[in-house]
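Structural features, examined
This is what each chain is made of:
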Amino acid sequence: MRLVVALGGNALLERGQRPDAEVQEGNVRRAVAALAPLAHRHELVLTHGNGPQVGVLALQSASDPELSTPYPFDVLGAQTQGMIGYWLLQAMQNALPGRQVAAIINQTLVEADDPAFDDPSKFVGQSYDEETARELASQRGWTVKQDGAGWRRVVGSPRPQRVVETRLIRSLLETGAVVICAGGGGVPVVRGADGLLHGVEAVVDKDLTSAVLAEALDADALLVLTDVPHVVRGFGTPDAEPVRVSTPAALRALGAPAGSMGPKVEAVSRFVELTGGVAGIGALADAERILDGAAGTVVTPNGRYEGSLRPAVPADDPLRLTRGEQRPLGR
Ligand SMILES: Nc1ncnc2c1ncn2[C@@H]1O[C@H](COP(=O)(O)OP(=O)(O)O)[C@@H](O)[C@H]1O
Ligand SMILES: NC(=O)OP(=O)(O)O
């Protein structure tokens, strides 16, 4: 089975943790310990966030007296792919002796006229209190927005159209390698009138890129792993309750917020709609149990799930597949 697993930025750097290398390396080792069992059994593509890390690098770059202009966000995104990709690569190699693991720098095509460039929504860097965030915004020309209890810098986040290196990733998978890619949603690029690729100032959402990639790779399932055990209906209210199994339409109807759960909901919904496959959102530690239908929020075309990646189809459903053909529709 072919799996695309998106690892949340929070799994690499928990809220409030200092972004020291050793802190993140410890988090990466724990994340890989939870993911290695999946790699033993399945073809695995691992994508990862970079929101906290790209904000740290942007601050460093902005305060470097050697630079006449801070590095733009496409360059910073590539830096985070190298840094986080290296940590994940090494931890995966240590956890899976004998298995080939590749971590690749890759680019994601976006549209130059995407309105998201003018309406920043992607949280980067650390969280501040409102007063500090507003002060930093006026000093440095940032846009800041509320993220839960705190305030953070936001940057443009155009929708991913295609991962440029999709064919390379497929080739690597077919050799049996675990592939780490689409870090930070992929370095955002546009194809210019000259026919060439050019980087653009943005940070793509890694969950949306993961959905685009999972569809293009004919993945059987997309798992979006984060710091909550499931999507919650009535999030933050006294009536909050977990959503265990859902359809794309029902999940979208919850209206999860942009910049956090919203893109995850959109990513899994898009994947399920386009492929008829299965997707899940949940905690990193529950990765295997989500696939079994025993944890997380599982999304299928009909809102039913028996586990083992077979969306539940009633016996009288004309689309019911015979045993041996039980793969997601659209494959
Ligand atoms: N309806 C919801 N159900 C669960 N979590 C939600 C919901 N709405 C917002 N959230 C928030 O979304 C967060 C996960 O999104 P995000 O911080 O972007 O994750 P990551 O960095 O792991 O990709 C959770 O920690 C939670 O605070
Ligand atoms: N680029 C990106 O989606 O990062 P986070 O998952 O850290 O927000």
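Throughout, residues of each chain are indexed from 1 in the direction in which the sequence is written. Each chain gets a letter, beginning with A, and each ligand a number, beginning with 1, in the order they are written. Residues qualify for local features only when their pLDDT is at least 70, as the model is predicted, and side-chain atom pairs are given and counted only at 80 or more; totals for whole chains, interfaces and linings, by contrast, use all residues. Working from all heavy atoms in the structure, the side-chain values ignore hydrogens and water.

The name given to the protein chain in an unreviewed UniProt entry is Carbamate kinase, with the source organism recorded as Nocardioides bigeumensis. UniProt positions are given in the numbering used here, feature names are shortened, and annotations may be inferred rather than shown by experiment. Here the protein chain is described in UniProt, under the heading Sequence similarities (unreviewed entry), as follows: "Belongs to the carbamate kinase family."

Whether a residue is near a molecule or strand is decided by its heavy atoms; if any one of them lies within 4 Å of it, the residue is near. Lining the immediate environment of ligand 2, one finds Gly 9, Gly 49, Asn 50, Gly 51, Pro 52, Lys 122, Gly 184, Val 203, Val 204, Asp 205 and Lys 206. Separating a nitrogen atom of ligand 2 from a backbone N or O atom of Val 204 is a distance of 3.0 Å. To be clear on the numbers: accessible area is Shrake-Rupley with a 1.4 Å probe, and residue cover counts the displayed protein chains and nothing else. Burial of ligand 2 by the protein amounts to 89% of the accessible area it has alone, namely 260 Å². Counted by class, the shell around ligand 2 contains 3 nonpolar, 5 polar and 3 charged residues. Nitrogen and oxygen atoms within 3.5 Å of one another constitute a polar contact, given that in protein one can donate a hydrogen and the other can accept it, and given that sequence-neighbouring residues count only through two side-chain atoms. Note that Gly is not counted as nonpolar here; it falls among the polar residues with everything else outside the nonpolar set of Ala, Val, Leu, Ile, Met, Phe, Trp, Tyr, Cys and Pro and the charged set of Asp, Glu, Lys and Arg.

This next bit is on the environment of Pro 37. Strands here are runs of E lasting at least two residues and helices are runs of H or I lasting at least four, both read from the DSSP assignment and numbered beginning at the N terminus. Inspection of the secondary structure puts Pro 37 in helix α2 (residues 21–41). Burial classes follow relative accessibility: with a 1.4 Å probe on protein chains only, a residue under 20% of its type's maximum area counts as buried, one over 50% as exposed, and anything between as partly exposed. Given the relative accessible area of 23%, Pro 37 is considered partly exposed. With 250 residues separating them along the chain, Pro 37 and Ala 287 place their C-alpha atoms 9.4 Å apart.

Let's shift gears to the confidence of the model for the protein chain. Detailed reading of the predicted coordinates is not advisable wherever pLDDT falls low. Note: pLDDT gives the predictor's confidence per residue, expressed from 0 to 100. Chain-level statistics for the protein chain give a pLDDT mean of 92 and a share of 93% at 70 or above. Taken together, the stretch residues 318–331 has pLDDT below 50 and engages in 18 contacts with residues farther than four places along the chain or on a different chain. This prediction of the complex comes with two scores: 0.93 for pTM and 0.98 for ipTM. We call two residues in contact when some of their heavy atoms are within 4.5 Å.

Attention now goes to the packing of aromatic side chains. Two numbers describe a pair of aromatic rings. These are the distance of the centres and the angle of the planes. Note on aromatic contacts: the rings of Phe and Tyr and the six-membered ring of Trp form a pair at centre separations within 6.5 Å, being stacked when their planes are under 30 degrees apart, edge-to-face when over 60 apart, and tilted otherwise. On inspection of all chains with the given rule, the structure shows 1 aromatic pair. Consider the rings of Tyr 128 and Trp 142, whose centres lie 6.3 Å apart with planes at 40°: the pair is tilted. One end of the pair, Tyr 128, is in strand β5 (residues 122–128); the other, Trp 142, is in the loop between α5 (130–140) and β6 (143–147), with 14 residues separating them in the sequence. No difference in accessibility class separates Tyr 128 from Trp 142, as the two residues are buried.

Our focus in this paragraph is the site of ligand 1. Near ligand 1, the surroundings consist of 17 residues, among which Arg 15, Thr 226, Asp 227, Val 232 and Lys 264 are the closest. A distance of 2.9 Å separates an oxygen atom of ligand 1 from a polar atom in the side chain of Arg 15. With respect to ligand 1, the side chain of Thr 226 contributes an N or O atom lying 2.7 Å from an oxygen atom. Calculation on ligand 1 without its partners gives an accessible area of 580 Å², and the protein chains cover 86% of this total. Looking at the shell around ligand 1, the elements that each hand over two or more residues are α1 (9–12) and α9 (261–275).

Between any two strands, at least two bridges found by DSSP are needed for them to pair. One open sheet accounts for 8 strands, arranged β3-β9-β2-β1-β12-β16-β17-β15; its pairing is mixed. The sheet is open, and its two edges are formed by β3 (101–103) and β15 (245–246), each paired on a single side. Where strand β2 (residues 43–48) meets strand β9 (residues 178–180), 2 bridges bridge the pair, whose relative direction is parallel. Paired with Leu 46 across the bridge in β9 is Ile 180. Convention adopted: a line fitted to C-alpha atoms gives each axis, helices being fitted over their contacting stretch, and angles between N-to-C directions are expressed from 0 to 180 degrees. Here α2 sits on the sheet and contacts β1 (2–7), β2, β9 and β12 (221–226); the angle it forms with β1, its principal contact strand, is near 170°.

Before going further, it helps to spend a moment on the pairing of strand β10 (residues 187–191). Within a regular strand, the side chains alternate between the two sheet faces. Along β10, 4 of the 5 residues are buried, which leaves the element largely enclosed by surrounding structure. Taken together, the 3 bridges between strand β4 (residues 107–109) and β10 define a ladder with parallel strand orientation. Bridge pairing in β10 places Leu 109 opposite Val 189. Relative to strand β11 (residues 197–199), β10 is paired through 3 bridges, and the arrangement is antiparallel. Directly across from Val 190, in β11, lies its bridge partner His 198. The antiparallel hairpin formed by β10 and β11 contains 5 residues in its connecting segment, where Gly 195 sits at a positive phi of about 80°.

An order of β5-β7-β6 is seen for the 3 strands of this open sheet, with the pairing classed as antiparallel. Either end of the sheet is taken by a strand with one partner, and the two such strands are β5 and β6. Neighbour-to-neighbour, the strand axes of the sheet open up by a mean angle of 40°, direction not taken into account. In this sheet, strand β7 (residues 150–155) lies alongside β5 in antiparallel orientation, the contact comprising 4 bridges. Counted as the bridge partner of Lys 122 is Val 155 from β7.

As a further point, take the packing of helix α7 (residues 206–216) against α9. Their axes nearest at 8 Å, the elements α7 and α9 cross at an angle of 10°. What the angle tells us is that α7 and α9 run roughly parallel. Judged by the sense of rotation from one axis to the other, the crossing of α7 with α9 is right-handed. Each of Lys 206, Asp 207, Leu 208, Ala 211, Val 212, Ala 214 and Glu 215 in α7 lies in contact with α9, whose residues at this interface are Pro 263, Lys 264, Glu 266, Ala 267, Arg 270, Phe 271, Leu 274 and Thr 275. Residues belonging to the contact of α7 with α9 are distributed by class as follows: 8 nonpolar, 1 polar and 6 charged. Note on angle classes: values under 35 degrees are labelled roughly parallel, values over 145 roughly antiparallel, values of 65 to 115 roughly perpendicular, and the remainder oblique. Rotating anticlockwise by less than a right angle from the far helix to the near helix defines a left-handed crossing, while the corresponding clockwise rotation defines a right-handed one.

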